[in-house]
Amino acid sequence: MAVVPLKLAKLINQNYSRVCPKLVQIVRPSSYRTSGFLEDLDLKTKYEVTKDPVDWSYVERALPPTLVPHPVKKDRYASGWKPQAENLTHMPYFIERTKNHMIPVYLHRDMRGTRKTTYVRKIQGDIFKLHKELVEFLQKETIYPIRSQVNEFTGIIRIAGDYVNAVKYWLEQRNF
Amino acid sequence: MSSTADKALGLLRFLPRVCLANIRNNPGAVKKSKRGRAQHGGDKHGCGNKGSGQRQNFMRLGYETGNNPFYLRFPREPYYKGHHLKRQYPPLSMLDLQKLIDTNRLDDSKPIDLVAILNTGLYKLAPDQHQFGVQLTDEGADIFCAKINLEVQWANELVIAAIEKAGGVVTTAYYDMHSLQAMLNPKKFFERGVPIPRRMMPPPDAIMYYSDPSKRGYLADPAEISKERLVLAQKYGYNLPKIEDDPSYQMLTERKDPRQIFYGLHPGWVVNLKDKVILKPEEEILVKYYNT
């Protein structure tokens, strides 16, 4: 029995299958990577090609958006989410919103989930002033000294402990 | 500006231009790939003496270092038998849903289904881990005020009441694993060039839920559902807004066929995104297959 590629095997089997039913063995590729591309099987399935704009509007509805949409301006948002104020140029520091229009304050957990660190990101301007005011506010909530670190180059403030909601509240009060 | 930044900028003005020839890495940026030997960090290589510091052999949950563990000490009571085979519905709270609508991630002028929620990219689903869709939880039910046509996979009574009080409609619908796989990323699915699969009927243990009008099941009788809407309004004590008089009546009454996955697209169609055409099968056997 000869070992030949798939296409040749099909040809031989088509022409000589009546003479000798098991003339050749079809090679099965050993893995997905080594297998060839799918061949045109000459199937004659009847189908209709349409360009109906109504149908296509439903396709577009199903497709995911390529960009994060901008929020629509309203007087009040039911969920409590607030957009950033527009007149913040007079402030000595600025915190940019994330691409999802949220305040960039996060909780990092490490040491197998036991150590909690609050990260305030995307800070521009006088980061030391912001750090001073923030620590002053947070110090009221605890008797222990707030341990924190400023990274001026990356614009990040790290605070030991979980103060995410407190920091977000403080920033929201200042319309960031 | 701080004095540090000022000093650094002032220094830069008097220094030659920064270029690849005169900069160097930050200290500690390049990590030595070798393990220290002898006096250069040899001996314990900074891992301490013995134990989990050296071996990272954190004990598995419940292991009691050779004792007969607590969870094996008593006769077994199979509360959780078959838990790995049960369908899961990862939660999405009403507060999150309201936030998605507020931030314009979900368009409330169109029906919101699992495809729309997944397309926000803020809700993850893993059908291969037996996750079968959204469970809408009642956190934030008291502030919810969006008028939407919502389709979720699981909702409790309070959630249904909160949506209907705000003038919306809710349906609970089942999708099988293959349909969910197509819904995860419709763009990727259309690019594969395979026909849209037909949605399977719910399995025997879910068919009661999805044909129950009080759960707003998609297989329930619409007349029964409108009756149940009134019953729920009386139970929770609110005036049921009339959707018949609503300007967005068309949107609120848009429903999928029980065999349909995407709104307006029928099973068996092949979407060609490149040429912007849709191929519809005409073979009788295929038409029959996809319609039943």
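Values in this document were obtained by computation on a predicted structure and should not be read as measured data.

Conventions used here
- Residues numbered from 1 in each chain as written.
- Chains lettered and ligands numbered in written order.
- Predicted model: local features only at pLDDT ≥ 70, side-chain atom pairs only at ≥ 80, totals over all residues.
- Heavy atoms only, no water.
- Pairing = 2+ DSSP bridges.
- Helix = DSSP H or I, 4+ residues; strand = E, 2+ residues; numbered from the N terminus.
- Axes fitted to C-alpha atoms, helices over the stretch in contact; angles between N-to-C directions.
- Polar contact = N/O pair within 3.5 Å; in protein donor to acceptor, adjacent residues only side chain to side chain.
- Contact = heavy atoms within 4.5 Å.
- UniProt positions renumbered as here; feature names shortened; annotations may be inferred.
- Salt bridge = Lys/Arg side-chain N within 4 Å of Asp/Glu carboxyl O.
- Buried < 20%, exposed > 50% of the residue type's maximum accessible area, 1.4 Å probe, protein only.
- Buried area = accessible area lost by both parts, 1.4 Å probe.
- Nonpolar A, V, L, I, M, F, W, Y, C, P; charged D, E, K, R; others polar.
- Core = buried A, V, L, I, M, F, W, Y, C linked by side-chain atoms within 4.5 Å.
- Phe/Tyr/Trp six-rings, centres within 6.5 Å; stacked < 30°, edge-to-face > 60°.
- Lys NZ or Arg CZ within 6 Å of the ring centre and 35° of its normal.
- Expected span 1.5 Å × (residues − 1).
- Arc of directions from axis to C-beta.

**Focus on the sheet that holds strand β5 (residues 105–110) of chain A**
Residue and element names in this part refer to chain A. The strand order across the open sheet built from 4 strands is β5-β6-β9-β8, with neighbouring strands paired in antiparallel fashion. Because the sheet does not close on itself, it has two edges, and the strands there are β5 and β8 (148–151). For this sheet, the mean angle separating the axes of adjacent strands, direction not counted, is 20 degrees. Bridge analysis of β8 against strand β9 (residues 156–160) gives 4 bridges, and the strand direction is antiparallel.

**Some points on the side chain of Asn149 of chain B**
Residues and elements named next belong to chain B. Summarising the element assignment, Asn149 is placed in strand β3 (residues 149–152). For Asn149, the side chain forms a polar contact with the main-chain oxygen of Leu252, separated by 3.4 Å. Of note is the side chain of Asn149, whose polar atom sits 3.0 Å from the backbone oxygen of Glu254. With near-sequence residues (within four places) excluded, Asn149 lies in contact with Pro111, Ile112, Val169, Met251, Leu252, Thr253, Glu254 and Arg255.

**Focus: the UniProt feature "domain: Large ribosomal subunit protein uL15/eL18" (unreviewed entry) in chain B**
In the numbering used here, UniProt assigns the "domain: Large ribosomal subunit protein uL15/eL18" (unreviewed entry) feature to residues 92–171 of chain B. For residues 92–171 of chain B, the end-to-end C-alpha separation is 15 Å, with 30% helix and 18% strand making up the annotated structure.

**Description of the pattern of salt bridges**
All names here are of chain B. Applying the stated criterion across every chain, the model contains 17 salt bridges over all chains. Between Glu164 and Arg229 there is a salt bridge whose closest N-O contact spans 3.6 Å. Here Glu164, found in helix α6 (residues 157–165), pairs with Arg229, found in helix α10 (residues 222–236); they are 65 residues apart in sequence, far enough to count as distant. Side by side, Glu164 and Arg229 carry an identical accessibility label, which is buried. Through salt bridges with shared partners, a single ionic network connects Asp113, Glu151 and Lys256.

**Looking at the interface of chain B and chain A**
At the junction of the two partners, chain B supplies 41 residues and chain A supplies 33 residues. Here chain B packs against chain A, burying approximately 3,300 Å² in sum over the two surfaces, 61% of which is carbon and sulfur. Taken as a group, Asp102, Thr103 and Lys280 of chain B account for 17% of the area that chain B buries against chain A, more than any other trio of residues on that side. Counting every contact that joins chain B to chain A gives 3 salt bridges. A salt bridge links Asp55 of chain A to Lys280 of chain B, with the shortest nitrogen-to-oxygen separation between them at 2.8 Å. Run the count over chain B and chain A and you get 10 residue pairs in polar contact (both at pLDDT 80 or more). Residue assignment for the side of chain B that touches chain A shows that the elements contributing at least two residues are α1 (3–14), α4 (94–102), α5 (114–119), α8 (186–191), β6 (270–272) and β7 (277–281) of chain B. When the residues that make up the side of chain B that touches chain A are grouped by side-chain class, the tally is 21 nonpolar, 9 polar and 11 charged. Sheet topology note: the strand β3 (residues 47–50) of chain A/β7 of chain B ladder contains 4 bridges and is antiparallel. If you follow Val49 of chain A over to β7 of chain B, its bridge partner there is Leu279 of chain B.

**Side note on the nonpolar core**
The tendency in soluble globular proteins is for nonpolar side chains to be buried side by side. Judged by nonpolar contacts, the single largest core of 55 residues is most densely connected at Leu97, Leu136, Leu150, Phe190, Ile196 and Phe262 of chain B. The element contributing the most residues to this core is α6 of chain B, with 5 residues. Excluding its chain neighbours within four sequence positions, the residues that come into contact with Phe262 of chain B are Ala62 of chain A together with Val115, Ala182, Met183, Pro186, Phe189, Phe190, Ile196 and Lys256 of chain B. Counting 23 residues, the second-largest nonpolar core is a separate cluster that includes Leu88, Ile103, Val135 and Tyr163 of chain A.

**A few points about the packing of aromatic side chains**
Tallied over the full model, the rule gives 15 aromatic pairs over all chains. Note on Phe137 of chain A and Trp170 of chain A: the rings are 6.4 Å apart at their centroids and 40 degrees apart in plane angle, and the pair reads as tilted. Taken together, the residues span a long stretch of sequence, with Phe137 of chain A in helix α3 (residues 127–139) and Trp170 of chain A in helix α4 (residues 164–173) at a distance of 33 residues. Exposure class is identical for Phe137 of chain A and Trp170 of chain A. Each is buried. Feature note: the residues Tyr89, Phe132, Trp154, Tyr174, Tyr209, Tyr210 and Tyr218 of chain B constitute an aromatic cluster, connected by ring pairs. Its guanidinium or amino end placed over the ring of Phe58 of chain B, Arg112 of chain A lies 3.6 Å from that ring's centre, counting from NZ or CZ. Directly above the ring of Tyr289 of chain B sits Arg198 of chain B, whose terminal nitrogen or CZ lies 4.2 Å from the centroid.

**Concerning the sheet that holds β7 of chain B**
Read from one edge to the other, the open sheet built from 3 strands follows the order β3(A)-β7(B)-β6(B), with strand pairing classed as antiparallel. In the strand order of this sheet, the two ends are held by β3 of chain A together with β6 of chain B, each with one partner. For this sheet, the mean inter-axis angle between neighbouring strands, taken without regard to orientation, is 20 degrees.

**Observations regarding α10 of chain B**
Residue and element names in this part refer to chain B. Spanning 15 residues, α10 covers 21 Å between terminal C-alpha atoms, matching the ideal 21 Å at 1.5 Å per step. Within α10 the residues assigned to the buried category are Ile225, Arg229, Leu232 and Ala233. In an axial view of α10, the angular spread of the buried residues amounts to 100 degrees, which keeps them on one side of the axis. Residues of α10 that are exposed and angled more than 90 degrees away from the buried face: Lys227, Gln234 and Lys235. Looking at the buried side of α10, the elements it contacts are α6 and β5 (169–172). Taken from the residues just after α10, Gly237 is the one with a positive phi, measuring 75 degrees.

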